[in-house]
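# Fold and contact review
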Amino acid sequence: MIARFTFSRLLSWGTAAALVLGALVAWGPSHQAPSANDGQRLGPMGMADYTGQGEHGWLGRFIVDSRRPTWPASTVTWFYNPEGQPDALGTQAIVALIENAGRKWSGVCNVRFVFGGFTNRRPDINSSFGTIDRVNVIGWDLLTGNRSRFSGFANYWYAGNNAMQDSDVVFNTARIDGELDNAFNLAALATHEIGHMLGIAHSDVQQSVMFADPYNTYAFQSTLRGDDAAACVTLYGAPASATADRLLNWAEQSTGGALLPLGTASQRDPASGLVWRHYTQSNLFVGVLGDDILVLPVGSTAVQRVGQLGAVLPVVFGAGF
Ligand SMILES: [Zn+2]
């Protein structure tokens, strides 16, 4: 319903002066401002801008398992076990934020992340291949030993034909108070852990959700970067809407707070190919239809065409999205 409603609103546009996204498009390459949110945990090289150089000075790029295991039919069906979850967050809210995190990945690569329902099974990250239950469980547990420093932990198992068989994710119950009892933080953590479920390891590119040396902030990890997209595309291929989605990723991390909440996943109208997001805190709609970048300003019923996707993509990619 929301999609149809919004799409009809978008179809009602006229063209006029641009607002938020138009201002961004006008920045051009000389204003490749890094996210306002990613400055807290810069690595030793001190670079805020994406340069293609990894943390260790290597050619920066994503890392996937050497065997490149992938999910059959590019589909991960996952189940949620609410046992041990934060009281402050309801079950439905947690499922919704995990689904949203999955949609972020689906925006940049051809993978589907499907909620299969609830389960009593524990997420088991310690299984051997012989003991996996082949139920992909996301849930809560106390991470102990050398894993106690992690807020979440993912593991996966794949068969000799490189077909994924099982993947579980544990959110650390010791990190609930003041950290994972916050929906925004948990959503960002889920985005990172889902990357592992898909078969992506940690990246050497600091400007990526999958970077871990050190980890980026939750605000940073709310939005996928170009390196994350490239990793996933390597495994699952790219949807036609990937470039539009990457532009929207760039926009939401570059607006200085105009597009909130961060981490909003794209929706796509299959009939028209319109890719769009609705930012509920600011009530802004932004989208891409063909080569047109569109904004529905707050308080307006007229969609504004504010730029051309092709013209802005060099800025988007150059900024690490
Ligand atoms: Zn990780």
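Note that this is a predicted model, so its numbers are computed, not measured.

### Digging into the sheet that holds strand β4 (residues 152–158)
Read across the sheet, 5 strands follow the order β2-β1-β3-β5-β4 without closing on themselves; strand pairing throughout is mixed. Both outer strands of the open sheet, β2 (112–118) and β4, are each paired with one neighbouring strand and no more. Across the sheet, the mean angle from the axis of one strand to that of its neighbour is 25°, orientation sign disregarded. As defined by bridge partners, strand β1 (residues 75–80) adjoins strand β3 (residues 136–141) across 3 bridges and the pair is classed as parallel. Among the inter-strand pairings, Trp 78 is bridged to a residue of β3, identified as Asn 136. Relative to the sheet, helix α5 (residues 183–197) contacts β1, β2, β4 and β5 (164–172), its axis offset from that of β4 by approximately 20°.

### Digging into the environment of Ile 138
Secondary-structure assignment places Ile 138 in strand β3. A count of 26 C-beta atoms within 10 Å places Ile 138 in the buried class. Separated by 19 residues in sequence, Ile 138 and Thr 119 place their C-alpha atoms 9.4 Å apart. If near-sequence neighbours (up to four positions away) are discounted, Ile 138 is found in contact with Trp 78, Tyr 80, Ile 98, Pro 123 and Val 169.

### Overview of α5
An ideal rise of 1.5 Å per residue puts 21 Å on 15 residues; α5 measures up with 20 Å between its terminal C-alpha atoms. Burial analysis of α5 places 11 of its 15 residues in the buried class, which makes it a mostly covered element. Buried within α5 we find Leu 186, Ala 187, Ala 188, Leu 189, Ala 190, Thr 191, His 192, Glu 193, Ile 194, Gly 195 and Met 197. One or two residues past the end of α5 sits Gly 199, with phi positive at roughly 110°.

### Concerning the nonpolar core
Counting 45 residues, the largest nonpolar core has Trp 105, Val 111, Leu 186, Ala 190, Leu 198 and Cys 232 as its most contacted members. Per element, the largest residue contribution to this core is 7 residues, and it comes from α5. If sequence neighbours within four positions are ignored, Leu 198 has contacts with Trp 105, Val 111, Cys 232 and Leu 235.

### Examining unusual backbone geometry
With omega at 0°, the peptide bond leading from Asp 213 into Pro 214 counts as cis. Following the sequence through the fold, Pro 214 ends up in the loop between α5 and α6 (218–221). Pro 261 follows Leu 260 through a cis peptide bond whose omega is 5°. With respect to the secondary-structure elements, Pro 261 resides in the loop between α8 (242–254) and β6 (267–268). Even without a glycine there, the phi angle at Arg 134 is positive, about 60°.

### Thoughts on the pairing of β4
Across 7 bridges, the pairing between β4 and β5 is antiparallel. What sits directly across from Gly 152, in β5, is Phe 171. In this antiparallel pair of consecutive strands, β4 and β5, the connection spans 5 residues, and Asn 162 shows a positive phi of 65°.

### Points about the confidence of the model for the protein
Looking at the protein as a whole, its pLDDT mean stands at 82, while 80% of the residues score no less than 70. Between residues 1–20, whose pLDDT stays under 50, and residues either more than four places distant or in other chains, the model counts 37 contacts. Across residues 23–60 the pLDDT falls below 50, and counting only partners more than four positions away or on other chains, this stretch makes 59 contacts in the model.

### Digging into helix α7 (residues 226–236)
The element α7 is largely enclosed, with a buried count of 8 among its 11 residues. For α7, the full list of buried residues reads Gly 226, Asp 227, Asp 228, Ala 229, Ala 231, Cys 232, Leu 235 and Tyr 236. On its buried face, α7 sits against α3 (91–108), α5, α8 and α9 (309–318). Looking one or two places after α7, you find Gly 237, whose phi comes out positive at around 85°.

### Notes on the packing of α3 against α5
The N-to-C vectors of α3 and α5 enclose an angle of 45°; their axes lie 9 Å apart at closest approach. The orientation of α3 relative to α5 falls into the category oblique. α5 is crossed by α3, and the crossing has right-handed handedness. From α3, Ala 93, Ile 94, Leu 97, Ile 98, Asn 100, Ala 101, Gly 102, Lys 104 and Trp 105 reach across to α5, where they touch Ala 183, Leu 186, Ala 187, Ala 190, Thr 191 and Ile 194.

### Overview of the packing of α8 against α9
Running from N to C, α8 and α9 cross one another at 60°; their axes reach a closest spacing of 10 Å. Here α9 runs oblique to α8, going by the angle between their axes. As α8 packs across α9, the resulting crossing turns out to be left-handed. Contacts from Thr 243, Ala 244, Arg 246, Leu 247 and Trp 250 in α8 reach Leu 309, Val 312, Leu 313 and Val 316 in α9. Of the residues that constitute the contact of α8 with α9, the class distribution is 7 nonpolar, 1 polar and 1 charged.

Thresholds, definitions, all that
Residues numbered from 1 in each chain as written. Predicted model: local features only at pLDDT ≥ 70, side-chain atom pairs only at ≥ 80, totals over all residues. Pairing = 2+ DSSP bridges. Helix = DSSP H or I, 4+ residues; strand = E, 2+ residues; numbered from the N terminus. Axes fitted to C-alpha atoms, helices over the stretch in contact; angles between N-to-C directions. Contact = placed C-beta atoms within 7 Å. Buried ≥ 20, exposed ≤ 12 C-beta atoms within 10 Å, placed from the backbone. Expected span 1.5 Å × (residues − 1). Core = buried A, V, L, I, M, F, W, Y, C linked by C-beta atoms within 7 Å. pLDDT = per-residue confidence, 0-100. Parallel < 35°, antiparallel > 145°, perpendicular 65-115°, else oblique. Left-handed = near helix turned anticlockwise from the far one by under 90°. Nonpolar A, V, L, I, M, F, W, Y, C, P; charged D, E, K, R; others polar.

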